[in-house]
Amino acid sequence: MLSKLSEIRKQFETHLLEAKDSGELEELRVSLFGKNGTMKSVLKEMGALSVEEKKAIGAKVNELKDEISEKIAAKKEELQRMEMERQINAVPTIDLSIPSKDMQGSYHPITLVQRQCENVFKSMGFVVEDYSEIVSDYECFESLNIPKFHPARDMQDTYYLENGQLLKTQTSAAQNAIYRKYRDALINDGVPIKAIFPGRCFRNESTDACHENTFFQMEGIMVGENVSIANLIYFMKTMLSEVFRKDIKVRLRPGFFPFVEPGFELDISCLICGGEGCPSCKHSGWLELCPCGMIHPEVLKAGGIDPEKYTGFAFGLGMTRLAMMKYGVKDIRDLNSGNLESMCQFTDDI
Ligand code: FA5
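By the naming in an unreviewed UniProt entry, the chain is Phenylalanine--tRNA ligase alpha subunit, taken from Filifactor villosus. Turning to the chain, the UniProt record has this under Sequence similarities (unreviewed entry): "Belongs to the class-II aminoacyl-tRNA synthetase family. Phe-tRNA synthetase alpha subunit type 1 subfamily." Its UniProt record gives the chain a comment under Subunit (unreviewed entry), which states: "Tetramer of two alpha and two beta subunits."

This is how it looks when you write it as structure tokens:
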């Protein structure tokens, strides 16, 4: 019996070495442990042995069974690894630097208007700042003179995170940090703060042709001595004429935002319908594009700037709507659709 077990071991070792894939390995396993397998016949033969012999031989049989099972498992892993390597090596090398024949990339319309606005403001001495999409309640609301009970904080509008932070609802959320970053240069060296900060905003709103729950704004601020509404109007006019490069009709009307006083709404005559009224402008002929105003003294104070000495303006340009108007996109939702065919048709100077 013992010589039979050692013969089985020898045969197994040979076949194990020969197994080239998991199919052959499985065949080997079945030939040993299957219903009519070698190990089964050994167990049957053990019936004829004495009790003492059964004890001694049984231990040897179990030892061999464990040894074979372990070796099969190890071989299986090795074969699977080799198979994976074979598959990886079979993938042809792709040179990602070769331009595609079928499709040439292009900038998204929002990127185009963002770059155009950035260029205009950079040429007028503004710095471009990047800011986090996740902000605190203080940054988005409190530092902006938006009290605890203000509806903008409502769960209906704001996406709150479990840790108490939130997805910024407006690029104004960066104002406080920017004041703090540049106030020393303003106070000590008299350098006015001039910054724009484009970014993605999130609001839990139902969508329509001119509202999305994810959209882009570009905030702009200027703070210094004697900064006035005249400066604000000058920069707004320059930005719009450089971006549109044609005459467009705008209107300025009073608007309320807790962080500016006075506050204005800058509307643009709808370029989709020529001011006649259509779904893109909610049939009013006008589209709210860039609310703005003179920065509220409390907001300057929160940023560590003395409102008795310094004044400033701020604006919050709706970049997604600007892209709609500039490129004649009738429905704002198309801009987030991921439809490459329609989004790749816009080429423009940036
Ligand atoms: C604000 O977000 C203020 N933070 C703007 C501001 C900044 C005012 C500085 C004064 C001083 P409002 O919620 O109106 O304001 O949004 C500003 C612009 O963002 C709108 O005019 C519009 O163009 C765009 N916008 C707002 N909500 C959406 C939306 N759901 N989908 C697309 N664009 C939107």
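Draft legend 1. Examining the UniProt feature "binding site: Mg(2+)" (unreviewed entry) in the chain more closely. Residues annotated by UniProt as "binding site: Mg(2+)" (unreviewed entry) correspond here to Glu261. Relative to the assigned elements, Glu261 resides in strand 7 (residues 260-269).

Draft legend 2. Looking closely at the UniProt feature "domain: Aminoacyl-transfer RNA synthetases class-II family profile" (unreviewed entry) in the chain. UniProt tags residues 167-325 as "domain: Aminoacyl-transfer RNA synthetases class-II family profile" (unreviewed entry). In residues 167-325, helix accounts for 28% and strand for 33%; the two terminal C-alpha atoms are 26 Å from one another.

Draft legend 3. Just the pairing of strand 4 (residues 193-202), in detail. Burial analysis of strand 4 places eight of its 10 residues in the buried class, which makes it a mostly covered element. Across two bridges, strand 1 (residues 127-128) lies against strand 4 in parallel orientation. Following the sheet pairing, Val128 is matched in strand 4 by Ile196.

Draft legend 4. Representation of the packing of aromatic side chains in the model. What the rule picks out here adds up to eight aromatic pairs. Ring geometry for Phe235 against Phe313: centres 5.7 Å apart, planes inclined by 40 degrees, an arrangement best described as tilted. Residue Phe235 is located in helix 8 (residues 229-244), and its partner Phe313 is located in strand 10 (residues 311-318); the two are separated by 78 residues in the primary sequence. With relative accessibility at 7%, the residue Phe235 sits in the buried group. Consider the rings of Tyr327 and Phe346, whose centres lie 5.2 Å apart with planes at 50 degrees: the pair is tilted. Taken as a pair, Tyr327 in helix 10 (residues 319-327) and Phe346 in the segment after helix 11 (340-343) lie far apart in primary sequence, 19 residues in all. On the basis of relative accessibility, which here comes to 14%, the residue Tyr327 falls in the buried class. Here the aromatic residues Phe121, Phe126, Tyr234, Phe235, Phe313 and Phe315 are joined through ring pairs into a cluster of three or more.

Draft legend 5. Inspection of the site of the ligand at higher detail. Near the ligand lie 23 residues; those nearest to it are Gln170, Ser172, Arg203, Glu205 and Glu212. Between the ligand and the protein, one listed contact pairs a nitrogen atom with a backbone N or O atom of Glu212 at 2.8 Å. Here Glu288 contributes a backbone N or O atom positioned 3.1 Å from an oxygen atom of the ligand. Considering the ligand on its own, with 670 Å² of exposed area, one finds that the protein chains cover 94% of that surface. Most atoms of the ligand, that is more than half of them, are within 2 Å of grid points of the largest pocket. For the shell around the ligand, the secondary-structure elements that each account for two or more residues are strand 5 (214-224) and strand 10.

Draft legend 6. Fine view of the side chain of Gln116. The residue Gln116 is located in helix 5 (residues 109-123) in this model. By relative accessible area, Gln116 is classed as buried at 6%. Here Lys326 takes part through its side chain, which lies 3.4 Å from a polar atom of the side chain of Gln116. Contact partners of Gln116, with chain neighbours within four places excluded, come to Val243, Lys326, Tyr327, Asp348, Asp349 and Ile350.

Draft legend 7. View of unusual backbone geometry. For the bond from Glu261 to Pro262, the omega torsion is 0 degrees, close enough to zero to count as cis. Within the fold, Pro262 resides in strand 7. Located in the positive-phi region is Arg245, a residue other than glycine, with phi close to 50 degrees. Of note, Arg245 is situated in the loop between helix 8 and strand 6 (250-254). Despite not being glycine, Lys282 has its phi angle at roughly 55 degrees, a positive value. For Lys282, the location among the structural elements is in the loop between strand 7 and strand 8 (286-288).

Cut-off values and rules
- Residues numbered from 1 in each chain as written.
- Predicted model: local features only at pLDDT ≥ 70, side-chain atom pairs only at ≥ 80, totals over all residues.
- Heavy atoms only, no water.
- UniProt positions renumbered as here; feature names shortened; annotations may be inferred.
- Helix = DSSP H or I, 4+ residues; strand = E, 2+ residues; numbered from the N terminus.
- Buried < 20%, exposed > 50% of the residue type's maximum accessible area, 1.4 Å probe, protein only.
- Pairing = 2+ DSSP bridges.
- Phe/Tyr/Trp six-rings, centres within 6.5 Å; stacked < 30°, edge-to-face > 60°.
- Near = heavy atom within 4 Å.
- Polar contact = N/O pair within 3.5 Å; in protein donor to acceptor, adjacent residues only side chain to side chain.
- Areas by Shrake-Rupley, 256 points an atom, 1.4 Å probe, with all protein chains shown as cover.
- 1 Å grid on protein atoms, 1.4 Å probe; cavity = no way out; pocket = protein on both sides within 12 Å on 5 of 7 lines; lining within 4 Å.
- Sits in = over half its atoms within 2 Å of the grid points.
- Contact = heavy atoms within 4.5 Å.

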